[in-house]
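# Fold and geometry: a report
Listed here are the chains, written in short residue letters.
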Amino acid sequence: MVIIPREKFINRAVRIVNPSIITLKMWKYRYKNRAKKLIATSIDAKFPESLNLSLSAICQAKCIYCPSERGKGIKPPFMPFQLAKKVVDEASEENFQGIVRFSENGEALLNKDFFSIFEYCRKMLPASRSVLYTNMALVDKSTGRALLANNLEELNFNIDGASAVTYEAAKKLDFETFKKNLHDFIDSRNKLGAKCRIHIDILTAQKYMAMVERKRIDLPDDTAEVIKYWKPLLNKSDIISVVDKPYKWALREKMKNPKTVPCRKLSKVVRECLIGPNGNVYLCCLDYQQKCVIGNVINNSIKEIWSSSRRKTLLRFLGELRFEEIGEPCAFCLD
């Protein structure tokens, strides 16, 4: 079982050491050089390495670190089966063997077609790796067993507090429901001998407020207690990732400060194709209102969109720190 800090900002193209050690000028220079190499190896790719399906634009959690307006105005709020089928069928024709991520900017299990989409994807893309991001509120015993029976390979979620007080302050979800669901999932995984890896992130309300909002709140940072309780129940392949560089996207609309620092998500942007419930292919997972759209899979194939001049232009702008020319959300991104 591995415990790692989450954001090491020198990982691949844009993760760097402390800016107090390297000046901002050197930081940007290094970013541009590494970005140029990264983009050069990715810009002519015919198909993405990862398909991220936003099966839902809605989430019942109200996490302290997520934008309150996330997903508002996106219609329809849930990706219909036929649209997901179109994406999966094209990926199957391309012999896709990358990662399929279920859930992007919403809780996938709220989609009534979730299991129809999930099962179809597993059938048509047997060589792909399936990853689910969830808040765990709907992963009850039967749902967990169904996920495992359909060979879910990785389950990602947050445990942002060790008690009802700290957990609910961070997420506005019922702690006891979450706790039971996770215990049941671990138990089912053990009994079935399933190889699904669990990946846990931890970002307490106290830590987030101190690091991002620069405010003190009367709650403990009980990260250590979360690890102490859950670590003995996990497998060696599981991960607990302590978030040591929280995203600031919840503040973006409030501050509207022009972006001046390198793009933190570039290494993901060049590899991952994000598809919204309405078919929009948007640039980045931090674009929670789909303001920077590359194309739409209803009108064009993924292959056409991925090879489009618009995508190539946007990647070039990202690599050259020309965020204003991209427009929102990049122009005001704090991450």
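Residues numbered from 1 in each chain as written. Predicted model: local features only at pLDDT ≥ 70, side-chain atom pairs only at ≥ 80, totals over all residues. Heavy atoms only, no water.

### What about the overall build of the chain?
Broken down by element type, the chain carries 13 helices and 10 strands. A globule of 335 residues ought to have a C-alpha radius of gyration of about 20 Å, and the chain, at 20 Å, matches this closely. For the chain, the spread of C-alpha atoms along the principal axes amounts to about 50 × 50 × 35 Å. Per-residue burial over the chain gives 54% buried out of 335 residues. Excluding contacts between residues fewer than 6 apart, the proportion of contacts in the chain whose partners are at least 24 apart in sequence is 75%. Carbon and sulfur atoms form 53% of the exposed surface of the chain, whose accessible area is close to 15300 Å². (Helix = DSSP H or I, 4+ residues; strand = E, 2+ residues; numbered from the N terminus. Rg over C-alpha atoms; globule rule 2.2 N^0.38 Å. Buried < 20%, exposed > 50% of the residue type's maximum accessible area, 1.4 Å probe, protein only. Contact = heavy atoms within 4.5 Å. Areas by Shrake-Rupley, 256 points an atom, 1.4 Å probe, with all protein chains shown as cover.)

### Topic: the confidence of the model for the chain
In this model, the chain carries a mean pLDDT of 93, and residues with pLDDT of at least 70 account for 93%. Note that pLDDT drops below 50 for residues 6–17; the model gives that stretch 40 contacts with residues more than four away or on any other chain. (pLDDT = per-residue confidence, 0-100.)

### A closer look at the side chain of E272
Position of E272 among the secondary structure elements: in strand β8 (residues 272–275). A polar atom in the side chain of E272 sits 3.1 Å from the side chain of N52. Only 3.3 Å separates the side chain of E272 from the side chain of R101, close enough to count as a polar contact. Apart from the residues within four sequence positions on either side, E272 is in contact with S50, N52, R101 and W306. (Polar contact = N/O pair within 3.5 Å; in protein donor to acceptor, adjacent residues only side chain to side chain.)

### Examining the packing of aromatic side chains
The final tally for this structure, using the stated rule, is 14 aromatic pairs. Taking the centre distance of 6.1 Å and the plane angle of 65 degrees together, the rings of F178 and W230 count as edge-to-face. Of this pair, F178 sits in helix α6 (residues 175–192) while W230 sits in helix α8 (residues 223–230), placing them 52 residues apart in sequence. By the burial criterion, F178 is buried, and W230 matches it. Feature note: the residues F157, Y167, F175, F178, Y229 and W230 constitute an aromatic cluster, connected by ring pairs. Residue placement shows K259 over the ring face of F323; its charged tip is 5.2 Å from the ring centre. (Phe/Tyr/Trp six-rings, centres within 6.5 Å; stacked < 30°, edge-to-face > 60°. Lys NZ or Arg CZ within 6 Å of the ring centre and 35° of its normal.)

### Topic: the packing of helix α2 (residues 81–93) against helix α3 (residues 114–124)
Where α2 contacts α3, the axes come no closer than 10 Å and their chain directions differ by 10 degrees. The angle between α2 and α3 places the two elements in the roughly parallel class. Only S116, I117, Y120, C121 and M124 of α3 make contact with α2, whose side of the interface consists of F81, A84, K85, V88, D89 and S92. (Axes fitted to C-alpha atoms, helices over the stretch in contact; angles between N-to-C directions. Parallel < 35°, antiparallel > 145°, perpendicular 65-115°, else oblique.)

### Overview of the nonpolar core
F102, F114, F157, F178, L266, I275 and L318 are the most contacted members of the largest nonpolar core, which totals 95 residues. Not counting the four nearest positions on each side in its chain, F102 is found in contact with L53, L55, A108, F114, I117, F118, C121, S130, V131, L132 and Y133. (Core = buried A, V, L, I, M, F, W, Y, C linked by side-chain atoms within 4.5 Å.)

### Focus: the pattern of salt bridges
All told, the structure shown has 21 salt bridges when counted by the stated rule. Here D89 makes a salt bridge to K85, at a shortest N to O gap of 2.8 Å. Of this pair, D89 and K85 both sit in helix α2, 4 residues apart, roughly one helical turn. For the salt bridge of K180 with D184, the shortest nitrogen-to-oxygen distance reads 2.8 Å. Residue K180 and its partner D184 are both found in helix α6; the two are separated by 4 residues, about one turn of the helix. Residue K180 is classed as exposed on the basis of its relative accessible area, which comes to 52%. (Salt bridge = Lys/Arg side-chain N within 4 Å of Asp/Glu carboxyl O.)

### Focus: the state of the cysteines
Between two cysteines, a covalent bond joining their sulfur atoms is known as a disulfide. A complete count under the given rule lists 0 disulfides for this structure. C196 takes part in no disulfide bond, and the closest cysteine sulfur, belonging to C121, lies 15 Å away. Taking the relative accessible area as the measure of exposure, C196 reaches 2% and is therefore buried. (Disulfide = S-S within 2.5 Å.)

### A word on the pairing of strand β5 (residues 154–158)
Burial within β5 is extensive, with 5 of its 5 residues counted as buried. Across the two faces of β5 the burial is the same, with E154, N156 and N158 and L155 and F157 all buried. Pairing analysis gives 3 bridges linking strand β4 (residues 129–133) to β5, with the strands arranged parallel. If you follow V131 over to β5, its bridge partner there is E154. Considered for its hand, the β-α-β crossover made up of β4, helix α4 (residues 141–149) and β5 is right-handed. (Pairing = 2+ DSSP bridges. Right-handed = clockwise from strand over helix to strand, strands pointing away.)

### Observations concerning unusual backbone geometry
In this structure, the amide linkage connecting K75 to the following residue, P76, adopts the cis form with an omega of -5 degrees. In this structure, P76 sits in the loop between β2 (50–53) and α2. Here the residue pair E328 and P329 is connected by a cis peptide bond, since its omega of 0 degrees sits within 30 degrees of zero. Mapping P329 onto the fold places it in the segment after α13 (323–326). Backbone geometry places M136, a non-glycine residue, at a positive phi of 75 degrees. The residue M136 is located in the loop between β4 and α4 in this model. For M136, a relative accessible area of 0% translates into the label buried.

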